[in-house]
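Read off the chains here:
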Amino acid sequence: GKTLKWQRTGDDQQTARGEATSSETQPVEITTRIDKPGFVRLEVSVLNGDGTPVKDANDRPVKFEGGAGAEPGKLTGYAEPADFDAFWQAQKARLAAVPLKASLTEVPAKDAKFQVFDVKVDCAGGRPVSGYLALPRSAPPKSLPAQVSFRGYGVSGASPEWRDGTMVFHINAHGIENGREAEFYKALQDGELKGYAFNNTENAKPETAYFNGMVLRVMRALEFVKSRPEWDGKTLVASGGSQGGLQAITAAALDRAVTQCNAYKPWCCDLGGINLGRLRGWRPDYAEGLAYYDTATMGKRITCPTFITAGLGDYVCPPSGVSVLFNHIKGPKTLEYIQGSTHGYNPPNPQKQTVSVK
């Protein structure tokens, strides 16, 4: 008996709105179409008789955010810079000019089976790699597979991650100190790092974009892990969600030693898609300098097995851009579309559709 108020938008720049009344027995069906490869977005609000939103136990409006795609396998990205690979070769040369020098300070571990170190690694770009290395205590040489984990958008230190039989290096995105008080990170968030990566002037050139230092630290973090005597020399996983997914994809694109990439709702895919009429996510404005950091373009350089997720209601990282990334990847790949999933929320027992290319 509630009113369902809905809005449909899409990569075809078309908008439709309507209302329906919910029933206990029959679902409300909303039918639409899109006449080219792409996605439609559906947002549904639930209203009381007086037009106010129905709220849940946490006083949040009850709503659905999801959608559907047509022929997403045909989506292609915006043109990449002609000197994309040459630029990254030059950045690797910058990094190589800085010796791989690390300092490790052991910190208390919650599990006595593990050792945890607060690590700083010298890096090009003005800031060190900063993270926590966790590994099983007294691991013999060449005995451990390794994982490098990356954080989403925000200003915070890294967090120790540990799992049996694995060496895990979790870095923060900014090369800042780990384990500090909340006030330390808030001061950075309100000051030096306020709105980082969204500066259009910086993003005009790839050398000055904020992502430049971040990606240099990604590459150096991988080099550090590969230098550890405990690494088995075989397995190297890159993993992260959102901005961490951007970093994981970049890791797999720029370092062929990565053997598995896991990117959950990865950020900044297909930045030029808005120039092709696609719905925009929450991310920096398109700029020529940012094109060198486009996650979808990085995907063209990935040959290792890759697992990706996309929320059909996620318009921080729209499913069209994630689909472009998936289409570009050269190696074995799996993409899991999650219905009713926004950037920070997955519904319980959601409908999922999985696409795999072996």
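Before reading further, recall that the structure is shown in the block above.
Let me begin by describing the structure that accompanies this report. (Residues numbered from 1 in each chain as written. Predicted model: local features only at pLDDT ≥ 70, side-chain atom pairs only at ≥ 80, totals over all residues. Heavy atoms only, no water.)

### Details of the sheet that holds strand β12 (residues 306-311)
Then, in step 1: Read across the open sheet, the 10 strands follow the order β5-β6-β7-β9-β8-β10-β11-β12-β13-β14; overall the sheet is mixed. In the strand order of this sheet, the two ends are held by β5 (102-107) and β14 (352-357), each with one partner. Here the average twist between neighbouring strands, direction ignored, is 20°.
Then, in step 2: Note that strand β11 (residues 260-264) and β12 share four bridges and pair parallel. When the bridges of β12 are listed, C261 appears paired with T306.
Then, in step 3: Each of β5, β6 (114-121), β7 (129-136), β8 (144-150), β9 (167-171) and β10 (231-241) touches helix α4 (residues 210-227); the most contacted strand, β9, lies at about 155° to it. (Pairing = 2+ DSSP bridges. Helix = DSSP H or I, 4+ residues; strand = E, 2+ residues; numbered from the N terminus. Axes fitted to C-alpha atoms, helices over the stretch in contact; angles between N-to-C directions. Contact = heavy atoms within 4.5 Å.)

### A short note on the packing of α4 against helix α5 (residues 243-254)
In a packed pair of helices, the relevant descriptors are the angle between the two axes and the axis-to-axis distance.
Then, in step 1: Where α4 contacts α5, the axes come no closer than 10 Å and their chain directions differ by 60°. Judged by the angle between their axes, α4 and α5 are oblique. In this structure, α4 meets α5 at a crossing whose hand is right-handed. In this structure, α4 contributes F211, M214, V215, V218, M219 and L222 to the contact, and α5 contributes Q243, L246, Q247, T250, A251 and L254.
Then, in step 2: Of the residues belonging to the contact of α4 with α5, the class tally is nine nonpolar, three polar and no charged. (Parallel < 35°, antiparallel > 145°, perpendicular 65-115°, else oblique. Left-handed = near helix turned anticlockwise from the far one by under 90°. Nonpolar A, V, L, I, M, F, W, Y, C, P; charged D, E, K, R; others polar.)

### Points about the packing of aromatic side chains
Then, in step 1: Enumeration over the complete set of coordinates arrives at 21 aromatic pairs.
Then, in step 2: Plain terms: the ring middles of Y153 and Y196 are 4.1 Å apart, the flat faces sit at 10° to each other, and that makes the pair stacked. Taken together, the residues Y153 in the loop between β8 and β9 and Y196 in the loop between α2 (182-190) and α3 (200-203) connect sequence positions 43 residues apart.
Then, in step 3: On the basis of relative accessible area, Y153 is assigned to the partly exposed category, the value being 30%.
Then, in step 4: Grouped by ring-pair contacts, the aromatic residues F84, F87, W88, Y153, Y196, F198, Y210, F211, W267, W282, Y292 and Y293 constitute a single cluster.
Then, in step 5: Above the ring of F184, the side-chain terminus of R180 is found at 4.1 Å from the ring centroid.
Then, in step 6: Directly above the ring of F326 sits K333, whose terminal nitrogen or CZ lies 4.8 Å from the centroid. (Phe/Tyr/Trp six-rings, centres within 6.5 Å; stacked < 30°, edge-to-face > 60°. Buried < 20%, exposed > 50% of the residue type's maximum accessible area, 1.4 Å probe, protein only. Lys NZ or Arg CZ within 6 Å of the ring centre and 35° of its normal.)

### Notes on the pattern of salt bridges
Then, in step 1: Within the structure shown, the criterion is met by 23 salt bridges.
Then, in step 2: Note that K120 is salt-bridged to D118, the shortest N-O span being 3.1 Å.
Then, in step 3: Accessibility expressed as a relative area gives 24% for K120, which makes it partly exposed.
Then, in step 4: Between E336 and K352 there is a salt bridge whose closest N-O contact spans 3.6 Å. In this pair, E336 is assigned in strand β13 (residues 333-338) and K352 in strand β14, connecting sequence segments 16 residues apart.
Then, in step 5: Through salt bridges with shared partners, one network takes in E80, D85, K300 and R301. (Salt bridge = Lys/Arg side-chain N within 4 Å of Asp/Glu carboxyl O.)

### Focus: the nonpolar core
Then, in step 1: By size, the foremost hydrophobic cluster in this structure holds 79 residues, and its most contacted members are W88, F169 and F211.
Then, in step 2: For this core, the leading source of residues is α4, giving 11 residues.
Then, in step 3: Apart from the residues lying within four places of it in its own chain, the contact partners of F211 are A197, L246, W267, C268, L290 and Y293.
Then, in step 4: Among the nonpolar cores identified, the runner-up in size contains six residues, and L4, L42, V44 and V46 belong to it. (Core = buried A, V, L, I, M, F, W, Y, C linked by side-chain atoms within 4.5 Å.)

### Things to note about the state of the cysteines
Then, in step 1: Within this structure, the stated rule accounts for zero disulfides.
Then, in step 2: Sulfur of C261: no disulfide; nearest cysteine sulfur belongs to C304 and is 5.7 Å away.
Then, in step 3: For C261, a relative accessible area of 0% translates into the label buried.
Then, in step 4: The cysteine C317 is free of any disulfide, with C269 supplying the nearest cysteine sulfur at 6.6 Å. (Disulfide = S-S within 2.5 Å.)

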